[in-house]
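Spelled out, the chains give:
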Amino acid sequence: MVKFFNKKIDMHEMLKQTWESFAIQGEIVTGLSDMLKKLIQIDLHYIAEKYGIKQLSKISDKEIVAKLLKLMTDRKKIEIILMVASPDEFDLFLEILDMDSMGIDEMPYESYAFPMDYGIIFSFYHQERRYLVVPEEIKDIYRNINKAVFTKHRERYQLFCKYIKALCNFYGAFEPGQFINIFNTFNRDSATLAEFNKIYQNLTLKRQDFFNHGKYILGEYFGNVSYDEMDSFVEKIKGKPYYMPGKEELLKKADDLYFEMTPQITALRDYVLSNMCKNEEIVDSLIEDIELLCFTEEPLYEVIYEFKRNGLLFESTKQLNILMPLLADVYNNTRTWTNRGYSAKEISEIFKEDMPLVTGIPIDKLDDVIFKKVGRNDPCPCGSGKKYKKCCAR
């Protein structure tokens, strides 16, 4: 329970009510026509919009149902929706396929939201339980499609989606032509720009972690910034060459949580574990934060203050002086979006460009709150070996 304005709110009950609001209330039916007729108007209009029906306010619900019955039983459309569905969504569809209905109690709405958007799956709330149902008409269509051909096409869609996510996470933004170059380098069954455009358009039937911005495809991060910031980023990368990773290295980036443990990051982690904190969970959290700050090219002092934000303070300026080159190495060897996958050091060495590399910042420019509190009789943090009261405290 949580209290809000002096009222107790049962979070489980709130979630239950939310799930119920997306479901058809009452007895379960399995025919598509009956399901559509049971929908409240706002939900009927929502599906109609997904299928491109216009001027909904000017036509009756009966006419909308008639139009939807034709559109929703189009085999090609059904195949595309199922090819776009994620592996979990598709597995759920297959699980329900041989059932009249499937009872679900704690399954989050997001697990079936996409197939429900297009009426591949319907949700019911009956006798205080939630159920998922695949309309009989949809079952018949799927059972009669050529499974070998469909499976091949679905695997192609999923592979394209994985590469798009990987390229977004690796480069921040990329042009379709670069997708073709990379995809065809790693795959025997090569792709064309026409195929890419077709699959990309169909993939966007579902909310994805990527979107178009001019001639570029950008990752989800840029969905939270202004158009000016997007334009500024595109300007920074314009004309720069793409770093070409290996296939395994690239596809790991399809996972949003993956980051590369470079030798430099490993060296930094080892030092922190040996000299500052024995708790691996705390150190790994710190390392992830540092990698992200270097990746987004935040100032080095922000990287240093990440230690304090993770509850780690420095014993002395001597310790910080030892750590500073390790941090600079991580910073200079981290691949960044603005360098199109290259690190600053690689840009400097390979392309002989005058790329300013990070070497550190003067200790006296840092706030002393990053150091542990020192008693007057404790060793001085400067590393002189003298007592604090006879050294820097004077």
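Residue numbers run consecutively from 1 along every chain, following the written order of its sequence. Local features in this predicted model are restricted to residues of pLDDT 70 or higher, and side-chain atom pairs are both shown and tallied only at a pLDDT of 80 or more, whereas totals for entire chains, interfaces and linings draw on every residue. As a convention, hydrogens and water are excluded, and side-chain values are obtained from all of the structure's heavy atoms.

## Some details on the sheet that holds strand β3 (residues 24-25)
Inclusion rule: Whether two strands pair depends on DSSP finding at least two bridges between them. Put simply, DSSP marks the helices as runs of H or I at least four residues long and the strands as runs of E at least two long, and each gets a number from the N terminus on.
If you walk across this open sheet you meet the four strands as β3-β5-β6-β4, and the pairing is mixed. With partners counted over all chains shown, the strands left at the sheet margins are β3 and β4 (102-104), one partner each. Across three bridges, the pairing between β4 and strand β6 (residues 129-133) is antiparallel. In the sheet register, methionine 102 faces β6, and the bridge partner there is leucine 132.

## A word on the environment of glycine 119
Which entries qualify depends on this criterion: Working definition: with a 1.4 Å probe on protein chains only, accessible area under 20% of the residue-type maximum means buried, over 50% means exposed, and in between means partly exposed. Throughout, a contact is declared for two residues whenever any of their heavy atoms are within 4.5 Å.
Following the sequence through the fold, glycine 119 ends up in the loop between α7 (113-117) and β5 (122-126). In this structure glycine 119 comes out as buried when scored by relative accessible area, which is 0%. Once residues lying within four places of it in the same chain are set aside, the contact partners of glycine 119 are Met72, Pro135 and Ile138.

## Some remarks on the packing of aromatic side chains
Put simply, the rule reads: When two rings of Phe, Tyr or Trp (its six-membered ring) have centres within 6.5 Å they constitute a pair, described as stacked for plane angles under 30 degrees, edge-to-face for angles over 60, and tilted for the intermediate range. Two limits define a charge over a ring: the Lys NZ or Arg CZ must be within 6 Å of the ring centre, and within 35 degrees of the ring normal.
Evaluated as defined, the whole model comprises 27 aromatic pairs. Of the aromatic side chains, those joined through ring pairs into one cluster are Phe160, Tyr163, Phe179, Phe183, Phe196, Tyr200 and Phe210. Above the face of the phenylalanine 295 ring, lysine 253 is positioned so that its terminal group lies 5.5 Å from the ring centre.

## Some details on the packing of helix α14 (residues 263-275) against helix α15 (residues 280-295)
The criterion, for reference: For helices, the fitted line uses only the C-alpha atoms of the stretch in contact; every axis is such a line through C-alpha atoms, and the angle between N-to-C directions lies from 0 to 180 degrees. Crossing handedness follows the turn of the near helix against the far one: under a right angle anticlockwise gives a left-handed crossing, and clockwise gives a right-handed one. Residue type decides the class: Asp, Glu, Lys and Arg count as charged, Ala, Val, Leu, Ile, Met, Phe, Trp, Tyr, Cys and Pro as nonpolar, and the leftover types, Gly among them, as polar.
The interhelical angle for the contact between α14 and α15, taken along N-to-C directions, is 145°, at an axis separation of 10 Å. Here α14 runs over α15; the crossing is right-handed. Here α14 contributes Ile265, Leu268, Arg269, Val272 and Leu273 to the contact with α15, which in turn contributes Glu280, Val283, Asp284, Leu286, Ile287, Ile290 and Glu291. Residue composition of the contact of α14 with α15, by class: eight nonpolar, no polar and four charged.

## Structural notes on the nonpolar core
Nonpolar side chains tend toward joint burial in soluble globular proteins. Applied cut-off: For the purposes of this section, nonpolar cores are sets of buried Ala, Val, Leu, Ile, Met, Phe, Trp, Tyr and Cys residues that join through side-chain atoms within 4.5 Å.
Of all hydrophobic cores here, the largest spans 80 residues; its most connected members are Leu68, Phe122, Ile164 and Phe179. Considering every element that reaches this core, the biggest residue donor is helix α9 (residues 147-171), with eleven residues. Not counting chain neighbours up to four residues away, the residues in contact with isoleucine 164 comprise Phe174, Phe179, Phe196, Tyr200, Leu203, Phe210 and Ile217. One finds Ile265, Leu293, Val303 and Tyr305 within the second-largest nonpolar core, a separate group that totals 29 residues.

## Section: the pairing of β6
Counting buried positions along β6 gives four out of five residues, so the element sits mostly inside the fold. Taking the residues between adjacent antiparallel strands as the criterion, β5 and β6 are bridged by two residues, where glutamine 127 takes a positive phi near 50°.

## A word on the sheet that holds strand β7 (residues 173-174)
Ordered by their spatial adjacency, three strands build an open sheet running β7-β9-β8, and the pairing between neighbours is antiparallel. This sheet does not close on itself; its edge strands, each paired only once, are β7 and β8 (210-213). In this sheet, strand β9 (residues 216-219) lies alongside β8 in antiparallel orientation, the contact comprising four bridges. The partner of phenylalanine 210 across the bridge, within β9, is glycine 219. Its contacts with the sheet put helix α11 (residues 193-203) on β8 and β9, and the angle it makes with β8 is roughly 120°.

## Some points on the confidence of the model for the protein chain
Detailed reading of predicted coordinates is not advised where the pLDDT is low. To be explicit about the condition: The quantity known as pLDDT measures the predictor's confidence residue by residue, on a range of 0 to 100.
Residue-level pLDDT values for the protein chain average 87, and 86% of them are 70 or greater. Across residues 1-7, confidence stays below pLDDT 50; counting only partners more than four residues off in sequence or on other chains, it has nine contacts.

## Some points on unusual backbone geometry
One non-glycine residue, glutamine 55, lies in the positive phi region at around 50°. In this structure, glutamine 55 sits in the loop between α3 (41-50) and α4 (61-71). According to the relative accessible area criterion, glutamine 55 is exposed, its value standing at 54%. You will see that glutamine 127, though not glycine, has its phi angle at about 50°, which is positive. Inspection of the secondary structure assignment puts glutamine 127 in the loop between β5 and β6.

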